[in-house]
Structures are given as C-alpha cells and as structure tokens.
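Read off the chains here:
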Amino acid sequence: MKTLAIAALVALSSLATFNTYAQTAAPAAVAKNDALYQALGGKPGLQALMDVFVAGLKADKRIGEQFKDTKSSFLASQLVDQVCMVTGGPCKYDGADMKTAHADMGITRANFHALVEVLQVSMDARNIPFSTQNQLLALLAPMHRDIVTAK
C-alpha cells in the first residue's frame, strides 16, 4: 500500500504546478512553517534519517553504483541542509541546483523511483509516521522534473 501511494505521489506530482526557485537548489515547494521539520526531529532527526538513507542508497542494487564514489558524510550533510530548508527549518542549502547537479547523470524514472523507495524504507526504519512521510514526499516529488534526464 505504501509503495503504491509513493508511486502515485510521484506520478501525480508531474501534473501539479508548483512555485520554483530558479536560482536555488530548493525543490519546487517549501513548507510554510516548521511543523514538518519538527515532526522529522529537527536537525538531529534529519541527520539520523539521512545517514540511514545514504547507506541505503549505496547498498541498493538498482542504484548503488551511482553513489559508489560519493563521500557519504558529504551527501548526508547536503541532504540534511536541503531537507531542513524545504521542511521549514532554519538551514540554508547552498549546493548546486538539482538540474545542474544531475544534468549528465542519465537518471531514469526507474532510478528516481528506486531512490524514493530507499527513502521510504529509511523513514520506516526511523519510525517516521506515514502521514509525515507523505508530507515530505509531497515536497520532494516535484524535483523529478530536474533530476530525471534519461528515458
């Protein structure tokens, strides 16, 4: 049921219109307050989640190869700042925007969906409630437009 909900969320996100930030790395939507940031455990909770998530990405047989040369601590730190910012937290993400960062990676929809599945498994491992997971995924899903570059 959860996987179906995630797949539907990703698919439906392509039909929605969101405000984008052309010169920032922010996903297409940002929380209006910090309730989601707090529900995820603030910065310590995000750090714990991203540590599990990055380990899961590297171990995943479908997409792990894409992360083999990526320094885990750097990726986790970038993800913490990005998710912190988009969920209404006090962080500022200053990395590359998603379109630039993924331009030459040849990422397919299947790759993107695999990453979302790893994120969902990571959130389950951290006992993040399903409704909180959906709120986060709703904010992140529109990034697929900038990340998926191959068919």
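Nothing here was measured: the structure is a model prediction, and the numbers come from that model. Along each chain, residue indices are assigned from 1 in the same order as the chain's sequence is written. Totals for whole chains, interfaces and linings use all residues, but because this is a predicted model, local features are given only for residues with pLDDT of at least 70 and pairs of side-chain atoms are given and counted only at 80 or more. Water and hydrogen atoms were dropped before computing side-chain values, which therefore reflect all heavy atoms in the structure.

Colleague: Describe the packing of helix α3 (residues 42–59) against helix α6 (residues 109–125), and please don't skip the residues or the numbers.
Modeller: Where α3 contacts α6, the axes come no closer than 9 Å and their chain directions differ by 135°. Classified by the angle between their axes, α3 and α6 sit oblique to one another. Handedness of the crossing formed by α3 with α6: right-handed. Contacts from L49, V52, F53, G56 and L57 of α3 reach α6 at L115, V118, L119, S122, M123 and A125. Fitted lines through C-alpha atoms give the axes, limited to the stretch in contact for helices. The angle between two N-to-C directions lies from 0 to 180 degrees. Starting at the N terminus, helices and strands are each numbered in turn, a helix being any DSSP run of H or I of at least four residues and a strand any DSSP run of E of at least two. Note on angle classes: values under 35 degrees are labelled roughly parallel, values over 145 roughly antiparallel, values of 65 to 115 roughly perpendicular, and the remainder oblique. For any helix crossing, the convention is left-handed if the near helix is rotated counterclockwise from the far helix by under a right angle, and right-handed if that rotation is clockwise. Note on contacts: a residue pair is in contact if any heavy atoms of the two residues lie within 4.5 Å.

Colleague: Residue-level account of the side chain of N111, with values.
Modeller: Secondary-structure assignment places N111 in helix α6. Two N or O atoms count as a polar contact when they lie within 3.5 Å, although within protein this holds only if one can serve as hydrogen donor and the other as acceptor, and sequence-adjacent residues are included solely when both atoms are side-chain atoms. At 2.9 Å, the side chain of N111 forms a polar contact with the backbone nitrogen of T108. If we ignore the near neighbours within four places in the chain, the residues touching N111 are R62, I63, Q66 and G106.

Colleague: A description of helix α4 (residues 72–86) should follow, citing residues and the corresponding values.
Modeller: Taking 1.5 Å of rise per residue, 15 residues should cover 21 Å, and α4 covers 21 Å from first to last C-alpha, within 8% of that figure. Partly exposed residues are those whose accessible area sits between 20% and 50% of the maximum for their type, while under 20% is buried and over 50% is exposed, using a 1.4 Å probe and protein chains only. When you tally the buried positions in α4, you get 11 out of 15 residues, the bulk of the element. Residues of α4 that are buried include every one of L75, A76, Q78, L79, V80, D81, Q82, V83, C84, M85 and V86, and no others. In this structure, the buried side of α4 is in contact with α2 (35–39), α3, α5 (98–102) and α7 (130–140). G88 sits one or two positions beyond α4 and adopts a positive phi of about 95°. Multiplying 1.5 Å by the helix residue count minus one yields the expected span of that helix.

Colleague: Summarise the state of the cysteines; cite the residues concerned and give the values.
Modeller: Here, the term disulfide refers to a pair of cysteine sulfur atoms separated by no more than 2.5 Å. Under the counting rule described, the total for this entry stands at one disulfide. There is a disulfide in this structure between C84 and C91, and the S-S distance comes to 2.2 Å. Taking the torsion about the sulfur-sulfur bond, which here is approximately 80°, the covalent link between C84 and C91 counts as right-handed. The buried category is assigned to C84, whose relative accessible area is 0%.

Colleague: Tell me about the confidence of the model for the protein, residues and numbers included.
Modeller: The predictor attaches a confidence to each residue, called pLDDT, with possible values from 0 through 100. Looking at the protein, the pLDDT average stands at 81 and 81% of residues meet or exceed 70. Low confidence marks residues 3–28, where pLDDT is under 50. Its contacts with residues over four positions away, or in another chain, come to 47 contacts.

Colleague: Got a sec to walk through the pattern of salt bridges? Specific residues and values, please.
Modeller: Here a salt bridge means any side-chain nitrogen of Lys or Arg lying within 4 Å of a carboxyl oxygen belonging to Asp or Glu. Taken as a whole, this structure holds four salt bridges when the rule is applied. Between K43 and D81 there is a salt bridge whose closest N-O contact spans 3.6 Å. With a gap of 38 residues between them, K43 in helix α3 and D81 in helix α4 connect regions that are remote in the sequence. Classification of K43 as partly exposed rests on a relative accessible area of 39%. As a salt-bridge pair, D60 and R62 come within 2.9 Å of each other at their nearest N and O atoms. Three or more residues joined by partner-sharing salt bridges are found here, namely D60, R62 and E117.

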